[in-house]
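Spelled out, the chains give:
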Amino acid sequence: MPPTLASLVHHSALKLTVRAGEDRLDVPVRWAHVSELADPVPYMEGGELLLITALKLDAEDPEAMHRYVKRLAGAGVVGLGFAVGVNYDEIPEALVEAARREDLPLLEVPRRTPFLAISKAVSAAIAADQYRAVTAGFAAQRELTRRALSDGPEGLLAALAAQVDGWAALYDASGAVVAAAPEWAGRRAARLTADVRRLRERPAPASSVVGGAENAEPAENADRVELHSLGTSRRPRSALAVGTAAALGTAERYAVHSAIALLTLTTERSRSLHAAGQRIDAAVLRMLLAGEPDHARAVAGDLYGGLLDAPFRMIVAEPASASAARAHAGAAAHAGAARTKPPAADPGGNPLDVLAEVVESAASRSGEAVLVVPEGERLVVLATDQGAAVAACVEYAAALESRRPAPQPTPGQDEEELVVGLSAPSGPIAASAAYKQAEQALSVARRRGRVCVEHEQLATGSVVPLLADDAVRAFADGLLRALRDHDATGRGDLVASLRAWLSRHGQWDAAAADLGVHRHTLRYRMRRVEEILGRSLDDPDVRMELWLALKATTAD
């Protein structure tokens, strides 16, 4: 249970005394907040215990206190804590009376009880409640997994219905009820066929909260039903319905998410073993990217060995063009000469399929576990850091890049068939960040005309090469054009003076010495720069843009 005003009053260390609202102490407290503002309502979300000393309040004015308390109650503040012995020796009667009129709980906080102690008590209670919910969720996940393995979808639904204290049903692609638990839920679930069909029209994963059919009796239509699509393809193959009397709590939400993952795997068993394996990979990857490594480990079991516990690298690859894959056969053979022996690549084959086979073959020979997930025109690989699979991927990409014609076309042109991005070493809890790193590296590889870029390489070297972009250069030329036009008339050397002044961080004497002019001359030139550009050099953003423009126009 979350903390309540009653639990805080009964906290022996806080010594709180109830002065008003005694019959409303069972209200949950979302947070304890300290504010001495005369009107803190704009900063309230509802559910807070507000702690004050009345530093800026006329707490003895009945009208002012009535307006103050009424606004707090209207904003959803669940209680007011007043510290005595700070600005007032006791709570003013005007505030007590206002709290009683609005039925807002008013707690007297003794001088020896700091507000921080109350905040810590609330925070600890909330953390304990969340821990209990998470622990219950993990227990539910284990029970659902056990029932799914022993009794199939029917057993899983029965366990899920018990966990959420409601009912659960499984639908096929047509919206027909396949199984339901308890038995009476089948009739209730059948009324949602139209809603399931509408859900199927949305890209997976999709979910919605719905009611029953319009002709259902009110008593049967009073529950809250969540619909979730199941399956790894874009078009859902089935759906799960969960009906409860109220919104799901944290533990119940964990149970539903676990059921979705398990049912997703169960409904795909009819496919070939390879396809089923790919869907397991995809489900585990989604859990990792959703920040649920414990669920991913539970679903994966021993399938990936220690892959989900050891540092790993995330690899994201995409085809760079739709042209024929002539270079892949030679690149695969070159990579195999070093330490791996990839399969022969069909000149007309899919480059992502070739890369997947290179990685999986290297992992198989070294006894490593690897997770390979095709996602349409993208391949996602999760492999052990410093392992054979990552090395094979890097070597394959290097071999492919070495076979391309020189000089390479302008970055951004899709002349190569494959672009690969590698994340930095990461762990399960940061899988989403690793995926983003791999995507960033992939984007940089495409822009630079590279086959493979590692995210760790992005933080090395200088930012200046990143300015070698046509759009950046066009911006730089436009920004500096007026100054260059001025210099072309022989009326001064404003561009060089600006460069020297910026390079010396605005130090007049040092910059003037570099230019061989008097500092007053340099000051005059900088004033002319401001007049011509219509911008102030006192603005750090302006100085930054001008400096980058100067670097961009001289970058190779």
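Everything here concerns the structure above.
What comes next concerns the included structure. The numbering scheme is per chain: residues are counted from 1 as the chain's sequence reads. Confidence filtering applies because this is a predicted model: local features only for residues at pLDDT of at least 70, side-chain atom pairs given and counted only at 80 or more, and all residues used for totals across whole chains, interfaces and linings. Side-chain metrics rest on all non-hydrogen atoms present in the structure, leaving aside hydrogens and water.

Re the sheet that holds strand S7 (residues 177–181)
Applied cut-off: When DSSP finds two or more bridges between two strands, those strands count as paired. For helices the rule is a DSSP run of H or I covering at least 4 residues; for strands it is a run of E covering at least 2, with both sets numbered from the N terminus onward. What counts as an axis is a line fitted to C-alpha atoms, over the stretch in contact for a helix, and the angles between N-to-C directions run from 0 to 180 degrees. Contact definition: two residues touch when any of their heavy atoms are within 4.5 Å.
On the basis of which strands lie adjacent, the open sheet formed by five strands has the order S7-S6-S10-S9-S8 and antiparallel pairing. A single partner strand is all that each edge strand has here, and the edge strands are S7 and strand S8 (207–210). Sheet twist, expressed as the mean angle between neighbouring strand axes with direction ignored, is 15°. Across the sheet, helix H4 (residues 115–164) is in contact with strand S6 (167–171), S7 and strand S10 (238–244); its angle to S6 comes to roughly 145°. Packing of helix H6 (residues 193–200) onto the sheet brings it into contact with S6, S8, strand S9 (224–230) and S10, and relative to S9 it is tilted by some 40°.

Some thoughts on the side chain of Thr244
Residue position: Thr244 is located in strand S10. Aside from chain neighbours lying at most four places away, what touches Thr244 is Val164, Asp223 and Arg224.

Let's talk about unusual backbone geometry
Our working definition: The buried label goes to any residue with under 20% of its type's maximum accessible area, the exposed label to any with over 50%, and the partly exposed label to all in between, with areas taken from a 1.4 Å probe on protein chains only.
Pro182 follows Ala181 through a cis peptide bond whose omega is -10°. With respect to the helices and strands, the residue Pro182 is situated in the loop between S7 and helix H5 (185–190). Phi is positive for Ala54, close to 65°, though the residue is something other than glycine. As for its placement among the helices and strands, Ala54 is situated in the loop between strand S3 (48–52) and helix H2 (62–74). For Ala54, a relative accessible area of 3% puts it in the buried group. Phi at His505 takes a positive value of approximately 55°, unusual for a residue other than glycine. With respect to the helices and strands, His505 occurs in the loop between helix H15 (494–503) and helix H16 (508–515).

Focus on the packing of aromatic side chains
For the record, the criterion: Two rings from Phe, Tyr or Trp (for Trp, the six-membered ring) form a pair when their centres sit within 6.5 Å of each other. Planes less than 30 degrees apart are called stacked, planes more than 60 degrees apart edge-to-face, and all others tilted.
Scanning all chains against the criterion turns up three aromatic pairs. Here Trp501 and Trp508 contribute two aromatic rings whose centre-to-centre distance is 5.5 Å and whose plane-to-plane angle is 40°, an arrangement assigned as tilted.

Details of the sheet that holds strand S13 (residues 379–384)
Pairing is mixed in the open sheet, where five strands are placed in the order S12-S13-S11-S14-S15. Unpaired on one side and paired on the other, strand S12 (370–374) and strand S15 (452–454) mark the two borders of the sheet. Geometrically, the sheet is characterised by an average inter-axis angle of 15° between neighbouring strands, direction not taken into account. Across the face of the sheet, helix H12 (residues 388–402) comes into contact with strand S11 (312–319), S12, S13, strand S14 (418–422) and S15 while running at roughly 140° to S14.

Focus: the nonpolar core
Inclusion rule: Throughout, nonpolar core names a set of buried Ala, Val, Leu, Ile, Met, Phe, Trp, Tyr and Cys residues whose side chains join them through atoms within 4.5 Å.
Counting 32 residues, the largest nonpolar core has Val284, Leu288, Tyr304, Leu308, Met314, Leu371 and Leu382 as the members making the most contacts within it. Counting residues per element, the ones that place at least two in this core are helix H7 (250–267), helix H8 (273–289), helix H9 (293–300), S11, S12, S13 and helix H13 (431–448). Leaving out residues up to four positions away in the same chain, Val284 has contacts with Ala296, Ala300, Tyr304, Leu308 and Leu371. Grouped together as the second largest cluster of nonpolar side chains are 28 residues, Leu379, Val381, Tyr396 and Leu400 included.

Observations concerning the state of the cysteines
Quick reminder of the rule: In this description, the term disulfide denotes a pair of cysteine sulfurs within 2.5 Å.
One pass over the full model with this rule turns up zero disulfides. Cys393 takes part in no disulfide bond, and the closest cysteine sulfur to it belongs to Cys452, at a distance of 5.5 Å. Assessed through its relative accessible area of 9%, Cys452 is described here as buried.

Section: the packing of H16 against helix H17 (residues 519–533)
Applied cut-off: Each angle gets one of four labels, with under 35 degrees taken as roughly parallel, over 145 as roughly antiparallel, 65 to 115 as roughly perpendicular, and the rest as oblique. Ten residues, namely Ala, Val, Leu, Ile, Met, Phe, Trp, Tyr, Cys and Pro, are considered nonpolar, four, namely Asp, Glu, Lys and Arg, are considered charged, and the remaining ones, Gly among them, are considered polar.
The interhelical angle for the contact between H16 and H17, taken along N-to-C directions, is 100°, at an axis separation of 9 Å. The angle between the axes of H16 and H17 places the two elements in the roughly perpendicular class. Residues Trp508, Asp509, Ala511, Ala512 and Leu515 of H16 lie in contact with H17, whose contacting residues are Arg519, Leu522, Arg523, Arg525 and Met526. Looking at side-chain class alone, the contact of H16 with H17 contains six nonpolar, no polar and four charged residues.

As for the environment of Ala99
Along the polypeptide, Ala99 turns up in helix H3 (residues 93–102). Residues Ala99 and Ala73 lie 26 residues apart in sequence; the distance between their C-alpha atoms is 9.1 Å. Excluding its chain neighbours within four sequence positions, the residues that come into contact with Ala99 are Ala20, Val69, Leu104 and Leu106.

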